[in-house]
Structure formats: C-alpha cells, structure tokens
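These are the residues of each chain, in order.
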Amino acid sequence: MYKIKIVLAVCVCLSFFANAQPPRGVHWAEDGNSFYKAEDGGIVQYNLASNTKITLVAKDKLTPSGTDQPLTIRNFFFSGDGKRVLIYTNSKRVWRYDTRGDYWVLNTENNKLKQLGVSLPPSSLMFAKFSPTENKVAYVSGHNVYAEEIGSGKITQLTKDGTDRLINGTFDWAYEEEFGCRDGFRWSPDGKSIAYWQIDATQIKNFLLINNTDSIYSFTKPVEYPKVGEDPSSCKLGVVDINSGITKWMNVPGDTRQHYIPRMEWAANSNELVIQQLNRQQNESKIMYCNAKTGAANTVYTETDKAWVDIKSRWDDDNPKGWDWLQQGNAFVWVSEKDGWRHIYTISRDGKKETLVTKGDYDVISVNAIDEKNGYVYFSASPDNATQQYLYRIKLDGSSNKEILSPANEKGTHDYDVSPNGLYALHNFSNAITPPVNEWVNVSTGEVIKQNNTMAPPVNTSAPKVEFFKITTKDNITMDAWMIKPVNFDPSKKYPVVFYVYTEPAGQTVTDAYGAAGNFLYNGNMPADGYIQISVDGRGTPAPKGAAWRKCIYKQVGLLNVHDQAMAAKKIMEWPFVDTSRIAVWGWSGGGSTTLSLMFQFPGIYKTGIAIAPVAYRLCYDNIYEERYMGVPSDTATRNNYIKASALTYAKNLQGNLLVVHGTGDDNVHYQNTEMLVNELVKYNKQFQMMSYPNRTHGLSEGEGTFLHLSTLYTNFLREHCPGGGR
C-alpha cells in the first residue's frame, strides 16, 4: 500500500542514487574505492582513498549533434569495460516513478553520442542495460523486449506479443505497487539470452477512473486492478535466445494465476535461473532453479508461516534486483523470520545446509553489503530501541558476535550505502532534534572523508522538542510513541491532542529521525497554537520488535491496530493536562483508514478526524496487499473478516466532526471508497465534510495550488473543531 509519510527534511540528495530507475543508491566503482556522480551536467569520479575528483564525461560531450543543449542526466550506467556510458534522459512517469524515457550511448574513447531506439516512440524505453559482451543494449518499449547492436544500430524485437495488458519485461500495476517490481528482464552472464517476466493481465478487470475536467466530455482511464478476491495476473518466466528470438518458457509448477514470482535472477551461471515463488496466500515461499534450456524447475528451499512470508526486497534494502551469491555460486545469503526474529542465514546452493549468521533476540532491518573477500556481512539493526537504526557487521560464517560500526555518541537513525569492499559508505544520520548529516566515511574507523552538507547548528534548538515515551495499555501492550508539547506548556492547563496515525504493516510513524515527528500538513505552527501532537506505533507496524509483534495483526488489520490506538489514547486521556473534549486524529492512506475506524469504533474518544485517501471498504483494495495480511476471501468466514475490519461497517456510529479528502484520479486507493462511505453516512444522517480533488492521484500532488489548498483546508477544519490552546 502506498504510504504517505511525514517528511520535513531530505537526508540524501537524489543525485547520489543509482541502483534503479529512477536513481537509487550510490554508483560505486567495481573495486569499491570510488564512486561516480552526475555533476555540473557531466559525470565525475570521486576517489575516497585520496579524496580526489576527476571528470570522466564533460558536459560538452553530452550535446547531441545539431543541438546546442546537453542532455539532462536523469541516470547513467557504465558498461563493464568502462568504455561506454548509457545516459537516461527525458523521463516520464509510469504509476509511481519516471521509469520510461530516452537513452543515449556515449563512447568515451571517441566521444560519439548516439540515441537508442530511434524508430520507437519518444520517451518509451525502459530499463536499458548493456549486455555482458558490451556490444548490445536491451530495453523494453511498449511492453516488448528489444536488443540493439550499438555499432550498427540494428534493433531486434525479441518479443512481439506485448499489448497494454500482455506485459513483457516489466509489470502490471499490482506487481509494481506491492512487490516493488519494475525492471522485468535480465541479461544472461554470457550475453546470449535474456530472461524476462511475462505478466498476463488480460483477465484482470479494468477499474475506470473518470476525468470530468480535461475536456467538455468526460472520459475514462482504465487501470488493470485486481481487487481482493479476484485472481491475480498470470505470471510466466521466459528465456529468449538473442540470435533466434525463440523463447523457452520455464515450467514453474502451479497455476500461473494462483501464485506470484516476485524475484528472478540468473543463478550465478548462464544455464539456470533462481526464482522466489509465493503461493496466492503468500504464506509459503519456495526457492527454485529453472533450467534455461529445458524449462525444468527444481525446488531447493521452502519456508512457510502461519501469517505471511516476506519477499526478498523486504530485507535487502528494498532493492528488488540481485541475488547474494557466495562461494562462486555454491551458496547464497538469505533472511528469514523462522525463529521469531528477522535473521541472516547462508544457504548452500542445494538448500540442504543453512547457517544462522546473526543470533539473538533482535531483528535485522536491512542487509547493507556483503564483503565475501573479508568474510563480513553489513546490516542495520537496533536491538535496544525500535525507533532507531545502526550499522553492524558480523562474520559471514556466524563465528563472531555482531560489531556496531555507527558512532556510539550519535543516538538516532543511521543509514549507510556501503561500498562493495566494505571500506567506505555514504552515511546519513539524524535524530529528532539533529538535522540530517550526509557524509562519506571510512566504515571501520568512522573517519569522515567528506561531508556533503554543512548544516548548522548541529542541533536545531529552535525546533519543537520531541519527547519519546512508552505507553502500556490495559492489555499489557507496551508501545513506542513520540509527543510534541505546546510552546510555553503549562501542566496546570488542559490541552487538545492531535494523533497522527498509520498503524498498518507498511510503515512506522515513531522513528527517531529528523522530521519524522510533527505535522507537514498544518499551515502554521502547531506548538505555538497550543496543540499536543502524538503518534503511537502499535502492534502490526513493521518495527524491529520480532515477528510476533509484526504478524499478530494477521487477519485483524482494521481491528487489532485500531484497538491498540484507542487503548493508548485512553491512557493518554488520563494525563491531567489533556483535554478529553478535544481529541483529534488524522492520517493518510492506511492512516486515513485508521482514522475512520477510530472515529466510528471509538466515538467516545475521538471528537475530530481528518481522513485523507482512506480505504473505507477493505474489499475495494488490491489483492496482493490485502490477501497477504487478511487472507484470501475464498470462504464466507474470511470475507466476513474483511467486512468486519472495514471502517464502512461502523460508519453509523459517527458522533464527532469528520473531514474526508480524496483525489478522484487515485489509481491506488480508489475514490470509490469515499463514495461508498458517503452513501453509508448519508443513510444514517451522519453529517460530515468532504473535499474531492479532481484527477489528483494518491499523493494529491498534481495541480497548481493543490498542496496549499489542502493544507489550508486541513488547518481550518482542525482549528474550528479542535481549537488549540491551554484552558
């Protein structure tokens, strides 16, 4: 589920990112001692050992013949031999990100600049990448896979059946949204073939978004959107021979419309693929090898869970590409929650031997780097405080204890992009009162090589003070929370409380990071206006507190998490400085859903609510997300669980002041949810306010003046129905 997060500060400049399109991660050189960066219209290389910079591609070398303007670099990719560089430019948005555009190849030896796919529509190429033999580039256009010879410009269309619903080399809406799948093809190591996904969404019903404003006649925009209970798109894997253009389909067992294949890579050779297959319920994960010539599939490792099994990218720094091979392909790194905690394992290639690398009652948050040469794996964790994050390393053979690498005196949230050799990293640090520090460091010593920002003072003394605390409910559930009190707080007075909520498995709201606490939507100064702001992370949120904490919400999303929030609010209402007649709650997306449920299920607590882009009826959301956490509604009992967990079911209980906001062009949480909610509230004569934004998507980011209007609307409603100030 797309999650709107409070973000008041940007910790890392996007120009450093490059693992995917759009850019993510550092462009590390293969040896790990330097990195590449787009800078001043060209491409430079920074050597971290010497802290020096050289220009590899000057700005003037990126000016196409016949023009006087250089290409705008959205991303770039060097060939393995470093003699050519792919330039990604003129990018356009596909659902969430700008993953289609134009690609050019620059020969760095003779400075010849050439556009790829010139016979194809402008800005239609996706995920272009060099072949291992360096003489070709493959890409997707119009849901077909192509290969182009760099020298001759000859384009070979490798798949010919792609349509708007038969998708080769990339993915449909649901795979992209819920599995992070976008780049859907992989060159074989020998450069002779390409493995790719084919998603058949022809049987997926269209959800029609209605545009009433861009023409005097309305028109619809269809989105292939599998709702809860509807079968997913069919998923197949093929290997196409570059010379013959013939595809061999992999014989992955099972009904192609009752399983998911969220991960596929070459298995450290050009003969086999390695894949992760999930069943429809997403509670069984299988790792298989597929023979690229025969298509035969062989399962080597299986994991099951009473709730759900996460896909690989949940712990691999949210990077959906790559497989972490060891011992020249004879073993790989894996992460599992099988012992109740998220831990790193090494698995032999045949799946018969596994070694627990990290041990203890703590969660691995992400795997940051694997340095096989020196025998270390680098990972993020926070064993003692679930609101924070630190970098550790441990021996790959599991023979050592974990070693913390983050500075001991910097309490808060540390993010690292570690070099392939484990020597250097791009380090980002902040906490609730310390603005982001962005710097290049020596990982082992912590020495700062280069600081990328020069923010001062290091502690923002003018920022509202954020207090972290724990609250234990009558159910004996202890939760993390943050609070910002009003300016000139007087404990003898009573103040209103505004709760910010999300509460679903897609994200935490209580983290010790700069900008994570506060209210980005309020048009003014909440502490100065006399509000207490609070957010609480209850059970089901993805905090590093063990699998039981995260997965106890299974089949209870909309119930257990809502209960925890209400019980926490009840304890807070016992504080002498809280005005129980002025309790407000708000959230966006899953937080909007929670806001509705709190207003309807606990009307005696919450007097004012603002729900933005909420899922009012859980059966209206997509199948991958909902069925993972709520089960497949193939029987009456499970379907009834969805209804019981939906805010719509309790709308008749509304007593307080409610504002609902939604974009009519929301392809993620459909405006349909709000219209169904309106009908239910009208049915019971429940008065409320509503704002629809024409053609805006889930982030409500389109259209001139939209954010200011939304912020003003939000602020005025809150001030009117839950006025600030001590009494």
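Just so you know, these numbers come straight off a predicted model, no measurement behind them.

Oppositely charged side chains can form a pair if their charged atoms are brought close together. Applying the stated criterion across every chain yields a total of 34 salt bridges. A salt bridge links lysine 129 to aspartate 183; the shortest N-O distance between them is 2.8 Å. Taken together, the positions of lysine 129 in strand β9 (residues 126–130) and aspartate 183 in the loop between α1 (173–179) and β14 (185–187) put the pair 54 residues apart, joining distant regions of the chain. Aspartate 183 matches lysine 129 in its accessibility class, with the two residues each being buried. We note a salt bridge from arginine 165 to aspartate 164, for which the minimum N-O separation is 3.8 Å. Given the relative accessible area of 11%, arginine 165 is considered buried. Through salt bridges with shared partners, a single network forms among Asp305, Glu337, Arg342, Asp363, Arg550 and Lys551.

The subject of this paragraph is the confidence of the model for the chain. Mean pLDDT over the chain works out to 93, with 94% of the residues at or above the 70 mark. Scored below 50 in pLDDT, residues 5–20 makes 51 contacts in the model with residues more than four places away or belonging to other chains.

The strand order across the open sheet built from 4 strands is β32-β33-β34-β35, with neighbouring strands paired in antiparallel fashion. Among the strands making up the open sheet, the edge pair consists of β32 (413–418) and β35 (448–451). Shown here is a sheet whose adjacent strand axes are inclined to one another by a mean of 25°, direction ignored. Both β32 and strand β33 (residues 424–430) contribute to a ladder of 6 bridges, which runs antiparallel. By the bridge assignment for β33, histidine 414 is matched with phenylalanine 429.

The next point concerns unusual backbone geometry. The phi angle at threonine 503 is positive, at roughly 80°, despite the residue not being glycine. Tracing the backbone shows threonine 503 in the loop between β38 (495–500) and β39 (532–537). In this model, asparagine 685 sits at a positive phi of 55°, which is unusual for a non-glycine residue. As for its placement among the helices and strands, asparagine 685 is situated in the loop between α7 (672–683) and β43 (689–693). Using a relative accessible area of 59% as the deciding quantity, one classes asparagine 685 as exposed.

What counts and how
- Residues numbered from 1 in each chain as written.
- Predicted model: local features only at pLDDT ≥ 70, side-chain atom pairs only at ≥ 80, totals over all residues.
- Heavy atoms only, no water.
- Salt bridge = Lys/Arg side-chain N within 4 Å of Asp/Glu carboxyl O.
- Helix = DSSP H or I, 4+ residues; strand = E, 2+ residues; numbered from the N terminus.
- Buried < 20%, exposed > 50% of the residue type's maximum accessible area, 1.4 Å probe, protein only.
- pLDDT = per-residue confidence, 0-100.
- Contact = heavy atoms within 4.5 Å.
- Pairing = 2+ DSSP bridges.
- Axes fitted to C-alpha atoms, helices over the stretch in contact; angles between N-to-C directions.

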